[in-house]
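Here is how the chains run, residue by residue.
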Amino acid sequence: MAMINSASPHLAPREHCTGCGACASGCPRGAIRMSADREGFLYPEITDACVFCGHCTHICPSLKHRELRPDPTVFAVWSEDDALRQQSTSGGAFAAIASFILESGGVVFGAAMDSDMRVAHTAIQHKDDLPRLMGVKLVQSDMGECFQQVRYYLDRGRFVFFTGTPCQVDGLYKYLGEYPELLLTADILCNGVPSPGVWCKMVDAMRYIKQRRVKAVQFCKKVIGSESRFVVEFDGGRQYDAPLLKSDYGRGLFRGLFLRPACYHCTYCNTKRVADLTIGSFRGLPPDYKQEQQKLGISMLLINTVKGAHILDLVPLHREKRTLEEAKKDNPALSRATSVPQERAAFFDAFVSQPFHKVYQRFFAISDWSYGVANGGKIRKFLCKFKSASKENKS
């Protein structure tokens, strides 16, 4: 294993590193690897293959001043394809744009879950694969070799549609060193990325409770006329289904317990967007505005560049212009970063030093983490069984 060089090039301070991976992807010597820290987030490590060329410092987006853009134009949009809209988290804006790109022979990049429920960016070239990228993934995605793949397709004249968090989009542009004409980007409304390490432990816990493999997860399944639901499917047909905000994962997430440190002072939480488009659920619309459409889901689409405006004219989306004030009203990702919760340090201290069931007992409410086994005191039996199994594994 290569040793880490103590005289490393200048990279972003740990508390400002977004984990975009531009430095690792762009290193001409392959001297930077992304490794998970104690909290489960990926950070760059510089090995002794480094020749101190400084390229990683040059392309790190956290060390660069961003170009200021005019305020975006705001639209409330929804797909004219009812089936596509129903499968989407909100109004189906991403799916409609991605479908158009794929039908035009382009390539689409986005976050997908693998068979182990890990989230990573991947490329698709066929519309049949689009469902893999649809639906929000409430975990920071692993970029892997995604940036190199984008360059590969661009160099061969393919049109590329790349979606990700604002910091991932910014990382891609810094890696490429330009704004290619064949590249369309969309950043998502993001209030912070959760720890992949914490998510992995949650998946293991769900697998243990059900004694079945986790087959699929929908973080924000749409149910007409109700809130988004956190739905987990297991082998054998079993399922866990709860409102996202009342699930343990959702509760911890919205308390901001296990977000990446850089997210608490995110420089992208404003209306000066980095991508051609910004996509998210449109919260803050007046209650009497198209009530039936709001039940079916309405997306917010911000047009940030001329290229973004041109694409909107080509895609079959119903659109209505709205105000920036409406967009900002109930969407903090456009105005402020998430505050650091007081218990975050205590949470991760416990996370790295204690069995996960103890972390669960301390930081999550038992009553909502039932998965169908809480009645009749079964949750207490589970905790005892989990504790005993942990002791056996240590011995």
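Structure: above.
Everything quoted here is computed from the prediction, not taken from an experiment. Residue numbers run consecutively from 1 along every chain, following the written order of its sequence. Note on the predicted model: pLDDT of at least 70 is required for a residue's local features to be given, and 80 or more for side-chain atom pairs to be given and counted; whole-chain, interface and lining totals, by contrast, use all residues. Hydrogens and water molecules were not included; the side-chain quantities draw on all heavy atoms of the structure.

**Overview of the pairing of strand 6 (residues 160-164)**
Note the threshold: Only protein chains enter the calculation, and the probe is 1.4 Å; a residue is then buried if its accessible area is under 20% of its type maximum, exposed if over 50%, and partly exposed in between. Helix and strand definitions follow DSSP, with helices as H or I runs of at least four residues and strands as E runs of at least two, each counted in order from the N terminus. At least two DSSP bridges between two strands are needed for those strands to be called paired. With its strands directed away from the observer, a crossover is right-handed exactly when the path from the first strand over the helix to the second travels clockwise.
Among the five residues of strand 6, five are classified as buried, and the element is accordingly described as predominantly covered. The alternating pattern of strand 6 places Val 160, Phe 162 and Gly 164 and Phe 161 and Thr 163 on opposite faces, both of which are buried. Examined bridge by bridge, strand 4 (residues 107-113) and strand 6 share three bridges and lie parallel to one another. Pairing of Phe 109 across the sheet is with Phe 162, part of strand 6. Bridge count between strand 6 and strand 7 (residues 183-188): five bridges; the pairing is parallel. Bridge pairing in strand 7 places Thr 163 opposite Ala 186. Chirality of the crossover, the property in question, places the unit of strand 6, helix 6 (residues 166-176) and strand 7 among those that are right-handed.

**A word on the packing of helix 5 (residues 146-155) against helix 6**
Spelled out, the test is: To get an axis, fit a line to the C-alpha atoms, keeping to the stretch in contact for a helix; angles then go from 0 to 180 degrees between the N-to-C directions. In what follows, roughly perpendicular refers to angles from 65 to 115 degrees, roughly parallel to angles under 35, roughly antiparallel to angles over 145, and oblique to any angle outside these ranges. The hand of a helix crossing depends on one turn: near helix anticlockwise from the far one by less than a right angle means left-handed, and clockwise means right-handed. In this analysis, two residues are considered to be in contact whenever any of their non-hydrogen atoms come within 4.5 Å of each other. Put simply, Ala, Val, Leu, Ile, Met, Phe, Trp, Tyr, Cys and Pro go in the nonpolar bin, Asp, Glu, Lys and Arg in the charged bin, and everything else, Gly too, in the polar bin.
The interhelical angle for the contact between helix 5 and helix 6, taken along N-to-C directions, is 55°, at an axis separation of 10 Å. In this view, helix 5 runs oblique relative to helix 6, as classed from their interaxial angle. Crossing hand, helix 5 versus helix 6: right-handed. Between helix 5, through Phe 147, Gln 148, Val 150, Arg 151 and Leu 154, and helix 6, the contact on the second element is made entirely by Gln 168, Gly 171, Leu 172, Tyr 175 and Leu 176. Here the contact of helix 5 with helix 6 is built from residues that sort into six nonpolar, three polar and one charged.

**Some points on the packing of helix 7 (residues 196-210) against helix 12 (residues 344-353)**
Viewed as axis vectors pointing N to C, helix 7 and helix 12 meet at an angle of 55°, and their least axial separation amounts to 12 Å. On the basis of the axis angle, helix 7 is oblique to helix 12. Regarding helix 7 and helix 12, the two cross each other, and that crossing is left-handed. Contacts from Gly 197, Val 198 and Lys 201 of helix 7 reach helix 12 at Phe 347, Phe 348 and Phe 351. A breakdown of the residues in the contact of helix 7 with helix 12 according to their chemical character gives four nonpolar, one polar and one charged.

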